[in-house]
Amino acid sequence: MPHQESAPSGIDSTRMSHARAYDYVLGGKDNFAVDREAARQVIALAPDLPALGKAQRRFLLRVTQMCAEEGIRQFLDIGAGIPTAPNVHQSAREIVPDARVVYVDNDPIVFVHNQALLSPDDNVVSIQADVRRPDELLAAPEVQQLIDFDQPVLLLFIGLFHLVTDAEDPAAIVARFRERMAPGSYICISQFCADGSDPAARAKLEEISVNSPAPMTFRRREEIERFFDGFELLPPGVVDVQQWWPDENAPPTMLKVAAGVGRKR
Ligand SMILES: C[S@@+](CC[C@H](N)C(=O)[O-])C[C@H]1O[C@@H](n2cnc3c(N)ncnc32)[C@H](O)[C@@H]1O
C-alpha cells in the first residue's frame, strides 16, 4: 500500500497504534504522524530501538525456520503486526513448501495490509482476533480450517504480551493455548523485559502507551519463564533476544526484550 496519511475506513489515525508505531521503528511506511511521534519520543531516549526491533524480527524468522526443519508444517502467528518481508510464511516455505500459516492481530490495520499483500493462497490467511479471548480465537473458522491442533504447531507470540496487562492474566491466556497443543509443538514468546532495561526509556514507553489501545507492561525474566510452564524450555532459555543465537553477535540495547522457545514433550 503506498504511503498515505488518509486512513482506510475503520482505521483511527488520531490515536497511536502499536502495530503502526512498530512498523515505523522497523523502517516501514505504513504509519501516521501520531505513531511516528510516539516512536520518536522513545528513540530519543533509546536510539538503538530500531536495532532491537530488527533483532526481534531475526529471532522470529530463525525460530520459524528451526521449527520447520524439525518438521512443523503449521504456524499460528499471534500479534503478527503489519507485514514485513520476509514474513513467517515466506521463511517457513523455504523449508516446508506447503506450510500453513495464520496471521492474527487485533489491530484492523494489520488485516487491511495483509489482505492487500497476500496473494490468493488458501493456506496463508490473516484474521482480526484478540489474544485475550483465546477460545474465540481458536474457534475462528480460518484457524479451524488451517491449524490441526492434533498435529505439532508453532505458536508465535512475538512482542505481544507486554501489551497484555497483569489484570488480563497473560499466563492464563498462554495456558489455554498450551493445553490445546499436541506433543512436539513449539511456543515462542518475546516481550519487553524489566531486567536491564534503561529506566528513562522504559518510563517513556509506558507513558506514551497510556493513551494507546494497550498500556505497556514490562516483566521480569522469571515472570516470562512462567509462560512456558509444563513445556521444555530450549537452551539458552529466556534470555535477551540478541543472545538467543550464539552466532548473532548483535550488540546489547538500552531496552531489553527477553525471548524463549518451549517444546511440548
Ligand atoms: C510490537 S508488534 C509485534 C509484531 C510482530 N509480532 C513482530 O514481532 O514483528 C505487537 C503486535 O501485537 C498486536 N496486539 C496487541 N494487542 C493484541 C491483542 N490483544 N490481540 C492480538 N494482537 C494484539 C499489535 O496490534 C501489534 O501488531
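Here's what I pulled together on the structure shown here. Since the structure is predicted, the reported quantities are computational estimates derived from the model, not experimental observations.

1. Let's talk about the overall build of the protein chain
Secondary structure summary: the protein chain contains 10 helices and eight strands in total. Taking 18 Å as the expected radius of gyration for a compact globule of 265 residues, we find that the protein chain reaches 17 Å, a close match to that expectation. Referenced to the eigenvectors of the C-alpha coordinate spread, the extents of the protein chain come out at roughly 45 × 40 × 35 Å. A total of 265 residues make up the protein chain; the buried ones form 55% of that total. Restricting the contact set of the protein chain to residue pairs at least 6 apart, pairs at least 24 apart contribute 72%. Put simply, the protein chain shows about 11,500 Å² of open surface, and 50% of that area lies on carbon and sulfur atoms. A distance of 2 Å separates the average location of the 27 positive side-chain charges in the protein chain from that of its 38 negative side-chain charges.

2. Examining the nonpolar core
With 51 residues, the main nonpolar core has Phe59, Val63, Phe75, Leu154, Phe192, Leu255 and Val261 as its most contacted residues. Considering each element in turn, this core owes the most residues, 10 residues, to helix H3 (residues 49-69). For Leu154, the residues in contact, after removing those within four places along its chain, are Val63, Thr64, Cys67, Ile72, Gln74, Phe75, Leu76, Tyr186, Ile187 and Cys188. Core analysis: the next-biggest nonpolar cluster, separate from the first, contains 34 residues, Leu76, Phe161, Val164 and Phe231 among them.

3. Examining the packing of helix H2 (residues 33-45) against helix H9 (residues 199-209)
The contact between H2 and H9 brings their axes to 8 Å, and the two run at 170°. In this view, H2 runs roughly antiparallel relative to H9, as classed from their interaxial angle. Taken together, the residues of H9 that come into contact with H2 (itself represented by Ala38, Gln41, Val42 and Leu45) are Ala200, Ala201, Lys204, Leu205 and Ile208.

4. What about the packing of aromatic side chains?
A full pass over the atoms with the stated rule returns six aromatic pairs. Each ring, one from Phe157 and one from Phe177, has its centre 5.4 Å from the other, and the planes form 70°; the classification is edge-to-face. Taken together, the positions of Phe157 in strand S4 (residues 154-158) and Phe177 in helix H8 (residues 170-180) put the pair 20 residues apart, joining distant regions of the chain. You'll find Phe157 and Phe177 in the same group, each marked buried. A cation sits over an aromatic face here: Arg180 above Phe149, 5.1 Å from the ring centre.

5. Observations regarding the site of the ligand
Inspection of the region around the ligand gives 18 residues, with Arg57, Gly79, Asp105, Asp130 and Ile158 positioned closest. Here an oxygen atom of the ligand sits 2.6 Å away from a polar atom, N or O, in the side chain of Asp105. A distance of 3.4 Å separates a nitrogen atom of the ligand from a polar atom in the side chain of Arg132. When isolated, the ligand has an accessible area of 610 Å², and the protein chains bury 96% of it. At the level of secondary structure, the elements contributing two or more residues to the shell around the ligand comprise helix H1 (18-25) and H3. The residue inventory of the shell around the ligand, partitioned by class, reads eight nonpolar, five polar and five charged.

6. As for the pairing of strand S8 (residues 256-263)
Successive residues of a regular strand alternate their side chains across the two faces of the sheet. Counted residue by residue, S8 has seven buried out of eight residues, so it is predominantly covered. As paired elements, strand S6 (residues 232-233) and S8 share two bridges and run antiparallel to each other. Bridge pairing links Leu233 to Gly262 in S8. Pairing between strand S7 (residues 239-240) and S8: two bridges, direction antiparallel. In the strand pairing of S8, Val239 is matched with Ala259.

7. Thoughts on the environment of Arg100
Considering the arrangement of structural elements, one finds Arg100 in strand S2 (residues 100-105). The exposure class assigned to Arg100 is partly exposed, which follows from its relative accessible area of 22%. Along the sequence, Arg100 and Arg73 sit 27 residues apart, while their C-alpha atoms lie 6.3 Å from each other. Residues contacting Arg100, with those up to four places away along its chain left out, are Arg73, Gln74, Phe75, Asn123, Leu146 and Asp148. Looking at Arg100, its side chain comes within polar contact range of the side chain of Gln74, at 2.8 Å.

The rules behind each value
- Here, residues in each chain are numbered from 1, in the same order as that chain's written sequence.
- Reporting of local features is limited, given that this is a predicted model, to residues whose pLDDT is at least 70; pairs of side-chain atoms are given and counted only at 80 or more, and all residues count toward the totals for whole chains, interfaces and linings.
- In computing side-chain properties, one takes all heavy atoms of the structure into account and sets aside hydrogens as well as water.
- Numbering of helices and strands runs from the N terminus, with a helix taken as a DSSP run of H or I at least four residues long and a strand as a DSSP run of E at least two residues long.
- The globule rule used here is 2.2 Å times the number of residues to the 0.38 power, and the radius of gyration it is set against is calculated over C-alpha atoms.
- The buried label goes to any residue with under 20% of its type's maximum accessible area, the exposed label to any with over 50%, and the partly exposed label to all in between, with areas taken from a 1.4 Å probe on protein chains only.
- Only heavy atoms enter the contact rule, under which two residues are in contact if any of them lie within 4.5 Å.
- All accessible areas in this document rest on Shrake-Rupley with a 1.4 Å probe, and a residue is counted as covered only by the protein chains that are shown.
- In this tally Asp and Glu are treated as negative and Lys and Arg as positive; neither His nor the chain ends contributes.
- Each charge is placed at NZ for Lys, CZ for Arg, CG for Asp and CD for Glu.
- Residues belong to one nonpolar core when they are buried, are Ala, Val, Leu, Ile, Met, Phe, Trp, Tyr or Cys, and are joined through side-chain atoms within 4.5 Å.
- Note on geometry: axes are lines fitted to C-alpha atoms, helical ones only across the stretch in contact, with angles between N-to-C directions running from 0 to 180 degrees.
- For classification purposes, an angle smaller than 35 degrees is called roughly parallel, one larger than 145 roughly antiparallel, one from 65 to 115 roughly perpendicular, and anything else oblique.
- Each aromatic pair joins two rings of Phe, Tyr and Trp (for Trp, the six-membered one) with centres within 6.5 Å, and gets the label stacked for planes under 30 degrees apart, edge-to-face for over 60, and tilted for any other angle.
- By the criterion adopted, a ring carries a charge over it if an Arg CZ or a Lys NZ lies within 6 Å of its centre and within 35 degrees of its normal.
- Residues are classed as near a molecule or strand on a simple rule: at least one heavy atom within 4 Å of it.
- N or O atoms within 3.5 Å of each other form a polar contact, as long as, within protein, one can give a hydrogen and the other can take it, and as long as residues adjacent in sequence are counted only when both atoms are side-chain atoms.
- Under the grouping applied here, Gly and all other residues not named as nonpolar or charged are polar, the nonpolar ones being Ala, Val, Leu, Ile, Met, Phe, Trp, Tyr, Cys and Pro and the charged ones Asp, Glu, Lys and Arg.
- Strands pair, by our definition, only if DSSP identifies at least two bridges between them.

On their own, these measurements won't tell you what the molecule is for.
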